[in-house]
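Each chain, written out:
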Amino acid sequence: MSVVRRSTLLVAIAALLGIAVLLLGSAVTHGWFTGFDHVVSDALNLRTGQSPGWLIASMQGISWIGGGAQRYIMVLLLTLALWRWWGWGAGLAMGLGSLLSSIASDVLKIYFVRLRPDLVPHLDQVGSAAYPSGHATSAAVVYLLFILLASKARHPAWQAAAFALIILTGLSRVMLGVHWPSDVVGGWMLGTAFALTAYAVIARNQENKQSLVVRF
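Scoring rules and cut-offs
Along each chain, numbering runs from 1 in the same order as the chain's sequence is written. The predicted origin of the model limits local features to residues at a pLDDT of at least 70 and limits the giving and counting of side-chain atom pairs to 80 or more, whereas totals for whole chains, interfaces and linings rest on all residues. With hydrogens and water excluded, all non-hydrogen atoms of the structure serve as input to the side-chain values. Secondary structure is summarised from DSSP: a helix means a run of H or I of at least four residues, a strand means a run of E of at least two, and numbering begins at the N terminus for each. A helix is expected to reach a length of 1.5 Å times the quantity of its residues less one. Each residue gets one of three labels from its accessible area relative to the maximum for its type: buried under 20%, exposed over 50%, partly exposed in between, using a 1.4 Å probe on protein chains only. Buried Ala, Val, Leu, Ile, Met, Phe, Trp, Tyr and Cys residues form a nonpolar core when they are joined through side-chain atoms within 4.5 Å. Here a residue-residue contact requires only that any non-hydrogen atoms of the pair lie within 4.5 Å. Each patch is assembled from residues with relative accessible area greater than 30% and no salt bridge, linking like charges that lie within 9 Å and nonpolar side chains (Val, Leu, Ile, Met, Phe, Trp, Tyr) that lie within 5 Å. Calculation of accessible area relied on Shrake-Rupley with a 1.4 Å probe; when residues are assessed, cover is drawn exclusively from the protein chains displayed. Any carboxyl oxygen of Asp or Glu within 4 Å of a side-chain nitrogen of Lys or Arg constitutes a salt bridge here. Of the grid points, spaced at 1 Å and generated over the protein atoms alone, those admitting a 1.4 Å probe that cannot get out make up cavities, while open sets with protein on both sides within 12 Å along at least five of seven lines make up pockets; any residue with an atom within 4 Å of a point is treated as lining. Grid points are joined across faces, edges and corners, and a volume is the space filled by probe spheres set on the points. In this count, Pro and Cys sit with the nonpolar residues alongside Ala, Val, Leu, Ile, Met, Phe, Trp and Tyr, while Asp, Glu, Lys and Arg are called charged and the others, Gly among them, polar. In this description, a line fitted to the C-alpha atoms serves as the axis of each element, helices being fitted only across the stretch in contact, and the angle between N-to-C directions of two axes falls anywhere from 0 to 180 degrees. Oblique is the label for every angle not falling under 35 degrees (roughly parallel), over 145 degrees (roughly antiparallel), or within 65 to 115 degrees (roughly perpendicular). For this analysis, a ring pair means two rings from Phe, Tyr or Trp (six-membered ring only for Trp) whose centres lie within 6.5 Å, classed as stacked if their planes differ by under 30 degrees, edge-to-face if by over 60, and tilted for the remaining angles.

## What to know about helix α7 (residues 156–175)
- Helix length check: α7, at 20 residues, gives a terminal C-alpha distance of 28 Å against a target of 28 Å (1.5 Å per residue), a fit within 8%.
- For α7, the complete set of buried residues consists of Ala 162, Ile 166, Thr 169, Gly 170, Ser 172, Arg 173, Val 174 and Met 175.

## A short note on the nonpolar core
- In terms of nonpolar packing, the biggest core is built from 38 residues, with Leu 82, Met 94, Val 142, Leu 145, Phe 146 and Leu 149 touching the most fellow members.
- Tallying contributions element by element places helix α6 (residues 134–149) first for this core, with 10 residues.
- With six residues, the next largest nonpolar core counts Ile 56, Ile 62, Leu 176 and Val 178 among its residues.

## Description of the environment of Pro 132
- Following the sequence through the fold, Pro 132 ends up in the loop between α5 (88–112) and α6.
- The class for Pro 132 is buried, based on a relative accessible area of 0%.
- Through-space distance from the C-alpha of Pro 132 to that of Asp 106 is 8.3 Å; in sequence the pair is 26 residues apart.
- Ignoring anything within four residues of it in the chain, the contact list for Pro 132 reads Ser 105, Leu 108, Lys 109, His 179, Asp 183, Gly 186, Gly 187 and Leu 190.

## A short note on helix α3 (residues 53–65)
- For α3, which comprises 13 residues, the first-to-last C-alpha distance of 19 Å matches the rise-based estimate of 18 Å (1.5 Å per residue) to within 8%.
- Close packing links the buried residues of α3 with α6 and α7.

## Quick notes on a nonpolar patch on the surface
- On the surface, Trp 83, Trp 88, Leu 92, Leu 96, Leu 99, Leu 100, Ile 103 and Val 107 cluster together into a nonpolar patch covering about 780 Å² of accessible area.
- Within the secondary structure, Trp 83 is located in helix α4 (residues 68–86).
- Using a relative accessible area of 47% as the deciding quantity, one classes Trp 83 as partly exposed.

## Focus on the layout of surface pockets
- Considered as a void within the structure, the largest pocket measures approximately 520 Å³ in volume.
- Considering every element that reaches the lining of the largest pocket, the biggest residue donor is α5, with seven residues.
- Of the residues in the lining of the largest pocket, the class split is seven nonpolar, 17 polar and six charged.

## Some points on the side chain of Ser 63
- With respect to the secondary-structure elements, Ser 63 resides in helix α3.
- On the accessibility criterion, Ser 63 (3% relative accessible area) is buried.
- Sequence-distant contacts of Ser 63, that is, excluding residues within four places in its chain, are made with Asp 124, His 135, Ser 172, Arg 173 and Leu 176.

## Focus on the packing of α6 against α7
- At a closest axis distance of 9 Å, the pairing of α6 and α7 adopts a crossing angle of 175 degrees. Taken as axis vectors, α6 and α7 run roughly antiparallel relative to one another. Across from His 135, Ala 136, Ala 139, Ala 140, Tyr 143, Leu 144 and Ile 147 in α6, the residues of α7 making contact are Trp 158, Gln 159, Ala 162, Phe 163, Leu 165, Ile 166, Thr 169, Gly 170 and Arg 173.
- Residues of the contact of α6 with α7, tallied by class, amount to 11 nonpolar, four polar and one charged.

## Some words on the packing of aromatic side chains
- Taken as a whole and judged by the stated rule, the model has three aromatic pairs.
- Arranged with centres 6.2 Å apart and planes meeting at 90 degrees, the rings of Phe 33 and Phe 36 form a pair that is edge-to-face.
- Take Phe 33: its relative accessible area is 31%, and that puts it in the partly exposed class.
- Aromatic pair Tyr 111 and Phe 112: ring centres 4.9 Å apart, planes at 80 degrees, arrangement edge-to-face.

## Section: the pattern of salt bridges
- Inspection of every chain in the model, using the stated rule, returns two salt bridges.
- Notably, a salt bridge pairs Arg 114 with Asp 37, separated by 2.8 Å at the nearest N-O pair. Here the residue Arg 114 occupies a position in the loop between α5 and α6, and Asp 37 occupies one in helix α2 (residues 34–43), the gap between them amounting to 77 residues. In this structure, Arg 114 and Asp 37 share a single accessibility class: buried.
- Taking the shortest distance from any N to any O, the salt bridge between Asp 183 and Arg 114 comes out at 2.7 Å. Residue Asp 183 is found in helix α8 (residues 181–215), and its partner Arg 114 is found in the loop between α5 and α6; the two are separated by 69 residues along the sequence. The two residues Asp 183 and Arg 114 agree in class, both being buried.
- A single salt-bridge network, built from bridges that share partners, covers Asp 37, Arg 114 and Asp 183.

Below you can see the structure in the form of structure tokens.
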């Protein structure tokens, strides 16, 4: 498959994911996913508060990495690393992809105004609406975009680590009682949409540059 066709396909998938985020947001605000959210929360022992202490501590650590100032420091370091090793385009994709996805997440939170769960006392500080999860959004766009942009990170071990971090970051938000499972799903879809779009744009631009070099 040519780079142009692949880029077009990725953008189309990203657009579908964006639509899915909006549809899910509308559905959760109408209470259509209440059953799903409670079933998953029950499976994680959130409603009875029976999760072991070591597990909660682990989830707090994972959640801490994906939020606050440390999240922006990590994104900055990855942006600089990609810029240094694979060119300014890769670094710019990481920086802008992360920034724009964060803005989109905040805008959607304001629009849908979904209340946070009240199943257990919150084990992390929160000050915004629930849908979509900002942590899940950030994890999806950062880790997925990194393994797409960094050719050496396409090793199966790195890919497995990236996907594990994406899943665990989202899971941590549910375990800490600050997000419904559907908030996390929405965040994953939103982050993936931005990651695919950023990668498609960079791949298309690199192909255009190579074509110009060949012509000259």
